[in-house]
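Chain residues, written in single-letter form:
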Amino acid sequence: MQGAALIPRFLAAALLMAAGYMAITRNAASALARVDPIKARSLASDARIDGKAAFLLIQSGKTPADRTAADALAQKALTRDATVVSATVARALFFAMRGDETSSGVWFDYSEKLSRRDFTTQLYLIEKAVGEGNIDGALLHYDTAMRASYEATNVLYPILVAASGNPEVRQPLTRVLLGRPLWSSGLIAYLAANGTDYAAVGQLFLDLRRGGYAIPSETESVFLNNMVAHGKLTDAWRYYVATHPAERNSLIRNGDFQPAKMTNSPFEWQLSVGEGMDASLVPGGRNGVLDYHLYPAVGGTTAKQFTFAPAGKIRLQSVVAESSQEVGEGPYWELKCADGRAIGVLEIGKPRVAGQPYATELTVPGNCPVQLLSLIVRSSDDVQGATGQIDSVGLIRL
């Protein structure tokens, strides 16, 4: 009797162990399904694992038989659970590969009804909208895809960059960006760094500015430097003066070295830091000073800026606040054409009395629309190296 009483307990324990094993197996299969849904099916099979496996197989299948097997697996998954998105996408791809666009579209539409987070579905809907000439619809699906999928930006940003050159795309894209979706700042930064249709990107940025979108100055500096790096100085300058209208007729920006005006724009001061030299804009003088320090035996360009002086005579002048070197032995300003042709130099050194400027007259050639103004400091053998502070520099038309 006692042995018979133990039988239900053994059965209960066995059932509990089996249930525990099945739960562990399902959990392991679910985890593996994220990485390899086909192997996951060897541990356990449910509708979602089958759906993921079908999606993988339809993509990797090399023969019609492979794709038919994948579709059968997708149908099996949907028979068990009609809401498995991966299975509906697998079916949509199966019909698309057979050239049956009608059936494929039905399944993609059903997939979106189930979830708007599937990236493959959104790609199909983007392509469909573009094919129909529905730019607004395509951008709606771009927005959905980039809100929902971490992988979307890698695929869609380059496409949007290429398409932004088309006014029919740029104008509705501007409207979408003015709505400030979460991905807007990322796309704008990507455009600044990677756009090659500079006029189109510049126009998009200007349209956004007019609409009240505050593009970060760092992003605009990246855009300007991208253009300069590719030899598009004139395009870069055109964008700069459009966003800085007060500088339109300025031959030099921030010639009195105000620290608050320091940016990374190529049309403002580019300062050298590292490799034995350091330059910065610091408070001092009337508004600020260009402070530099070069290690002993180190010399070179400490600051530079592109200028757009007109052809003809100009006056280059500079006030020095401090200098450890005499005139002719240390710092000098050099003006040359952007293509490297020399225009002239202004030797400077220890400060003159009462802020009297060093000055010289130069002639800008007619075929030299863009120039580069540089402060070059000769090396010093002094144990302190070469140091100095420049109070101001200016170019004046004569």
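Residues numbered from 1 in each chain as written. Predicted model: local features only at pLDDT ≥ 70, side-chain atom pairs only at ≥ 80, totals over all residues. Heavy atoms only, no water.

Attention now moves to unusual backbone geometry. In this structure, E275 is a non-glycine residue whose phi angle is positive, near 55°. The backbone of A297 shows a phi angle near 70°, a positive value even though the residue is not glycine. Locating A297 in the fold gives a position in the loop between β4 (289-294) and β5 (300-307). On the basis of relative accessible area, A297 is assigned to the exposed category, the value being 57%. (Helix = DSSP H or I, 4+ residues; strand = E, 2+ residues; numbered from the N terminus. Buried < 20%, exposed > 50% of the residue type's maximum accessible area, 1.4 Å probe, protein only.)

Before going further, it helps to examine the sheet that holds β4. Strand order in the open sheet made by the 6 strands is β2-β3-β4-β11-β6-β9, with antiparallel pairing throughout. Two strands bound the open sheet, and with one partner strand each, they are β2 (273-274) and β9 (358-364). Here strand β6 (residues 312-323) runs beside β9; their pairing, made up of 7 bridges, is antiparallel. Along β9, the bridge assignment pairs L316 with T360. (Pairing = 2+ DSSP bridges.)

To continue, consider the state of the cysteines. Under the counting rule described, the total for this entry stands at 1 disulfide. Here C337 pairs with C368 through a disulfide, and the sulfurs are 2.2 Å apart. Looking along the S-S bond of the C337-C368 disulfide, the torsion reads about -125°, which is the left-handed sense. You can see C337 sitting in strand β7 (residues 331-337) and its partner C368 sitting in the loop between β9 and β10 (371-377), a full 31 residues away along the chain. Neither C337 nor C368 differs from the other in exposure class; each is buried. (Disulfide = S-S within 2.5 Å.)

Turning next to the packing of aromatic side chains. Overall, the coordinates contain 15 aromatic pairs when judged by the stated rule. Consider the rings of W107 and Y110, whose centres lie 6.0 Å apart with planes at 70°: the pair is edge-to-face. You can see W107 and its partner Y110 sitting in helix α6 (residues 101-114), 3 residues apart, about one turn around the helix. On the basis of relative accessible area, Y110 is assigned to the partly exposed category, the value being 29%. Grouped by ring-pair contacts, the aromatic residues W237, Y240, F267, F306 and F308 constitute a single cluster. (Phe/Tyr/Trp six-rings, centres within 6.5 Å; stacked < 30°, edge-to-face > 60°.)

Our next topic: the pairing of strand β3 (residues 277-282). The alternating pattern of β3 places M277, A279 and L281 on a buried face, while none of D278, S280 and V282, on the opposite face, is buried. Two successive antiparallel strands, β2 and β3, enclose a turn made up of 2 residues, where E275 displays a positive phi of approximately 55°. The sheet contact formed by β3 and β4 spans 6 bridges and is antiparallel. Within β4, the residue paired with A279 across the bridge is Y292. Hairpin connection of β3 to β4: 6 residues between the antiparallel strands, including G284 at a positive phi of 155°.

What follows concerns helix α9 (residues 152-163). Taking 1.5 Å of rise per residue, 12 residues should cover 16 Å, and α9 covers 16 Å from first to last C-alpha, within 8% of that figure. Within the span of α9, buried status applies to A152, L156, Y157, L160 and V161. Along the axis of α9, the buried positions cluster into a sector of 140°, meaning they face one direction only. In α9, those exposed residues whose orientation departs by more than 90 degrees from the buried face are N154 and A162. Turning to α9, the residues buried within the fold contact α7 (119-131), α8 (135-148), α10 (167-178) and α11 (184-194). (Expected span 1.5 Å × (residues − 1). Arc of directions from axis to C-beta. Contact = heavy atoms within 4.5 Å.)

What follows concerns the nonpolar core. Looking at soluble globular proteins, one finds that nonpolar side chains tend to be buried together. Among the nonpolar cores identified, the biggest contains 41 residues, and F205 and F267 are the most heavily contacted of them. Contributions of two or more residues to this core are made by α7, α8, α9, α10, α11, α12 (198-210), α13 (217-229) and α14 (233-243). Not counting the four nearest positions on each side in its chain, F267 is found in contact with L224, V228, L233, A236, W237, Y240, R253, Q305, F306 and F308. Ranked by size, the runner-up nonpolar core spans 33 residues in total, among them L251, C368, L373 and V377. (Core = buried A, V, L, I, M, F, W, Y, C linked by side-chain atoms within 4.5 Å.)

Another aspect to go through is the environment of Q258. The residue Q258 is located in the loop between α14 and β1 (270-271) in this model. The spacing of Q258 and D391 is 133 residues in sequence and 9.8 Å in space, taken between C-alpha atoms. Once you skip the residues sitting within four places of it in the chain, Q258 turns out to touch L281 and N287. Within the structure, the side chain of Q258 is placed 3.3 Å from the side chain of D256, a separation counted as a polar contact. (Polar contact = N/O pair within 3.5 Å; in protein donor to acceptor, adjacent residues only side chain to side chain.)

To continue, consider the pattern of salt bridges. Across all of its chains, the model carries 11 salt bridges by this definition. A salt bridge links D71 to R91; the nearest nitrogen and oxygen atoms lie 2.7 Å apart. Highlighted residues: D71 in helix α4 (residues 64-80) and R91 in helix α5 (residues 85-97), separated in sequence by 20 residues. Judged by its relative accessible area of 4%, D71 falls in the buried class. The shortest N-O distance in the salt bridge between R341 and D339 comes to 2.9 Å. The class of D339 is exposed, set by a relative accessible area of 54%. (Salt bridge = Lys/Arg side-chain N within 4 Å of Asp/Glu carboxyl O.)

On to the packing of helix α3 (residues 47-60) against α4, then. Where α3 meets α4, the closest approach of the two axes is 8 Å, and the angle between their N-to-C directions is 160°. Classified by the angle between their axes, α3 and α4 sit roughly antiparallel to one another. Of the two elements, α3 crosses α4, and the hand of that crossing is left-handed. Residues A47, D50, G51, A53, A54, L57 and I58 of α3 form the contact with α4, whose own contacting residues are R67, A70, L73, A74, K76, A77 and R80. (Axes fitted to C-alpha atoms, helices over the stretch in contact; angles between N-to-C directions. Parallel < 35°, antiparallel > 145°, perpendicular 65-115°, else oblique. Left-handed = near helix turned anticlockwise from the far one by under 90°.)

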